[in-house]
Amino acid sequence: MRKCKDMASPLQRARLVFKPSLPDLLKDLGAVCFSPISDSKDLDGALKELFPNTRHFPCYQLAPGKGKEIPLKIGVVFSGGPAPGGHNVIAALFDTGAKLIGFLDGPSGILENKFKEIVSVDSYRNQGGFDLIGSGRTKIETQEQLEASLTAIAHDLVGLVIIGGDDSNTNAAVLAEYFLQKGGKTRVVGVPKTIDGDLQSEDIEISFGFDSATKTYAEIIGNIAKDAISSKKYYHFIRLMGRSASHVTLECAFLTQPNFAAITEENKTLNTIVDELADLIIKRYEAGKNYGVILLPEGLAELMEEQLKSGRKDPHGNVGVSQIDTEKVLVDLVRKQLEKRNFKGNFNPLTHFLGYEGRSCLPTNFDANYCYALGLCAFVAIRDDLTGVILALQKLEQKVSQWTVKAVPITHLMHMETRLGKQKPVICKYLVDMKGKAYLDFVRLKKSWAMEDQYLCPGPIQFFGSGELTDAAPNIVSRR
Ligand code: FBP
């Protein structure tokens, strides 16, 4: 609990009393239940061996039916980087009346049995950050760690809700399997979180946090673009978070219409990107424009061998691309290319990195509603004895009342991948689909954004006013 009310700004206080809209399906949890809707998926050999107890699970759909009424004791943990809306997952679990244990500072809280009972969420409703219980990036894989995770069972938990991204939900699959193997009753349910948007699938339309983070970045990009077109003297190179996937950059491009946005998934070489940027700068100079706005996904760092070598890796084997100054490297390369071409105009670049600014902001209505619904669904999944599943809310581009719910076995999203030199079961990162509607729309639109300055200034996230301002779903969801 926050110590005093003075720790909340007027807007934070106004958000504390926001009541998330509910999907019709979730208005009476006693009147719905999960039912299997598909056969199990045929997993590849190594995965089958690693998940003997959970590999045969089907997908489930939430539908009208008689829900059981049983008192539940549930554990919850945040895992990975913060994403706006996470507190609402916990608020919804709390509002079901379940007794709640929060493991502290990420999965290490489970292993080290660091926890607190959550007795109030009143000062965390609709607030950004993960500060109610903290977060961390521990990977659960060794025998010793698995044994330590039995604390969850020792707490007599019926369910454990893991709120995390691809790697954290890999932990969820591993724990679900292990708990079953040990005959424990603790069910494990994953909630798709990450501002990167790379935890998607056929069923998972988007991870929570993406909407709020991209709208925060888009506000700043729009403001920078207005400055660029006003003072007409700078090229702004803006790097955006998102790891290997460029969903954040793509979404911000739709929201702000920059002159150029690189998409890592296009698989261009660094030289090609530098050439394209030099072409653009020269063409714009010839049109009397010595300014511009350029978006760069942080995944471009993967093309920069030298910088990559010095990048540190997290426990899951991901290179810390957020620490690599890709935008600065690119500026140097573009400058050299322009010199090579005897460019006579002015090239005054300014660099920016937008990442941490958007991971803990006040969640948009979309994320506040989405997360609250995810929390309620996690409760129902545990109540209905599901384990090793991740929640997939669907029809997210429609009104909240119309949203539907699936629970998908996490193993269905997994494959074997080399991490830190070893083959490991992990969730496949979902990259921008080069044949998808969102990318094809971008390709069509970006031609006019390059030369004609069609910058959009989306302004700050809106919480009050017409639905068009307050409730819009992300572009990459409505353009799926
Ligand atoms: P998650 O995958 O845990 O959601 O984190 C995403 C992210 O914000 C990436 O976009 C970024 O590269 C990374 O976290 C930064 O990690 P850290 O918080 O450890 O600096």
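Residues numbered from 1 in each chain as written. Predicted model: local features only at pLDDT ≥ 70, side-chain atom pairs only at ≥ 80, totals over all residues. Heavy atoms only, no water.

Attention now goes to the packing of aromatic side chains. Throughout the structure, instances matching the rule amount to 10 aromatic pairs. Look at tyrosine 439 and phenylalanine 442: their rings are 6.1 Å apart centre to centre, the planes differ by 40 degrees, and that puts the pair in the tilted class. With a gap of 3 residues between them, tyrosine 439 and phenylalanine 442 both fall in helix α14 (residues 437-451), about one helical turn apart. Tyrosine 439 sits in the buried class, given a relative accessible area of 11%. (Phe/Tyr/Trp six-rings, centres within 6.5 Å; stacked < 30°, edge-to-face > 60°. Helix = DSSP H or I, 4+ residues; strand = E, 2+ residues; numbered from the N terminus. Buried < 20%, exposed > 50% of the residue type's maximum accessible area, 1.4 Å probe, protein only.)

Turning next to the packing of helix α10 (residues 270-286) against helix α12 (residues 326-340). Two elements in contact, α10 and α12, have axes whose closest approach is 9 Å; the angle formed by their N-to-C orientations is 60 degrees. Judged by the angle between their axes, α10 and α12 are oblique. Between α10 and α12 lies a crossing of right-handed hand. Along its contact with α10, which presents Leu270, Ile273, Val274, Asp275, Leu277, Ala278, Ile281 and Ile282, the element α12 presents Leu330, Leu333, Val334, Gln337 and Leu338. (Axes fitted to C-alpha atoms, helices over the stretch in contact; angles between N-to-C directions. Parallel < 35°, antiparallel > 145°, perpendicular 65-115°, else oblique. Left-handed = near helix turned anticlockwise from the far one by under 90°. Contact = heavy atoms within 4.5 Å.)

Here the largest pocket is characterised by a volume of approximately 420 Å³. As for the largest pocket, its lining consists of 30 residues, of which Gly81, Arg137, Asp196, Arg243 and Arg359 are closest to the centre. Looking at the lining of the largest pocket residue by residue, the classes come out as 6 nonpolar, 13 polar and 11 charged. (1 Å grid on protein atoms, 1.4 Å probe; cavity = no way out; pocket = protein on both sides within 12 Å on 5 of 7 lines; lining within 4 Å. Points joined across faces, edges and corners; volume = space filled by probe spheres on them. Nonpolar A, V, L, I, M, F, W, Y, C, P; charged D, E, K, R; others polar.)

Here we come to the pairing of strand β12 (residues 389-394). Where burial is concerned, most of β12 is hidden: 6 out of the 6 residues are buried. Going residue by residue along β12, you find Val389, Leu391 and Leu393 tucked away on one face and Ile390, Ala392 and Gln394 tucked away on the opposite face as well. With 6 bridges connecting them, β12 and strand β13 (residues 404-409) associate as antiparallel partners. Bridging from a neighbouring strand, leucine 391 pairs with alanine 407 of β13. (Pairing = 2+ DSSP bridges.)

Pairing in this open sheet of 9 strands is mixed, and the strands run β1-β2-β13-β12-β7-β6-β3-β4-β5 from one edge to the other. A strand with exactly one partner marks an edge of an open sheet, and here the two such strands are β1 (32-36) and β5 (115-117). Pairs of neighbouring strands in the sheet enclose a mean axial angle of 30 degrees, with direction left out of account. Its contacts with the sheet place helix α3 (residues 86-95) against β3 (73-78), β4 (99-103), β6 (159-164) and β7 (187-192), and it is angled at close to 175 degrees to β3. Against the sheet, helix α13 (residues 365-383) makes contact with β1, β2 (60-64), β3, β6, β7, β12 and β13, and its axis sits at roughly 135 degrees relative to β12, the strand it touches most.

Our focus in this paragraph is the side chain of threonine 194. With respect to the secondary-structure elements, threonine 194 resides in the loop between β7 and α8 (210-231). Looking at threonine 194, the relative accessible area reads 9%, which means it is buried. Within the local environment of threonine 194, its side chain forms a polar contact with the backbone nitrogen of aspartate 196, the two atoms lying 3.0 Å apart. When sequence neighbours within four positions are dropped, the list of residues in contact with threonine 194 reads Ala83, Gly165, Leu199, Ser207, Phe208 and Phe210. (Polar contact = N/O pair within 3.5 Å; in protein donor to acceptor, adjacent residues only side chain to side chain.)

This paragraph deals with the packing of α8 against helix α9 (residues 247-256). Relative to each other, α8 and α9 sit at 50 degrees, their axes nearing to 9 Å. Taken together, the axes of α8 and α9 are oblique relative to one another. Relative to α9, the crossing made by α8 is right-handed. Along its contact with α8, which presents Phe210, Thr214, Lys215, Tyr217, Ala218, Ile221 and Gly222, the element α9 presents His247, Val248, Glu251, Cys252, Leu255 and Thr256.

All right, on to the pattern of salt bridges then. Charged atoms that come close allow side chains of opposite charge to pair. Counting across every chain of the model gives 27 salt bridges. Put simply, glutamate 276 and lysine 268 hold a salt bridge, and the shortest N to O gap is 3.1 Å. Since its relative accessible area comes to 26%, glutamate 276 is described here as partly exposed. Of the charged contacts, one joins arginine 444 and aspartate 441 as a salt bridge, the two residues approaching to 3.1 Å between their closest N and O atoms. A residue pair is termed a helical-turn pair when its members lie 3 or 4 positions apart in one helix, as arginine 444 and aspartate 441 do in helix α14 at 3 residues. Here the residues in one salt-bridge network are Glu266, Lys268, Glu276 and Lys446, joined through shared partners. (Salt bridge = Lys/Arg side-chain N within 4 Å of Asp/Glu carboxyl O.)

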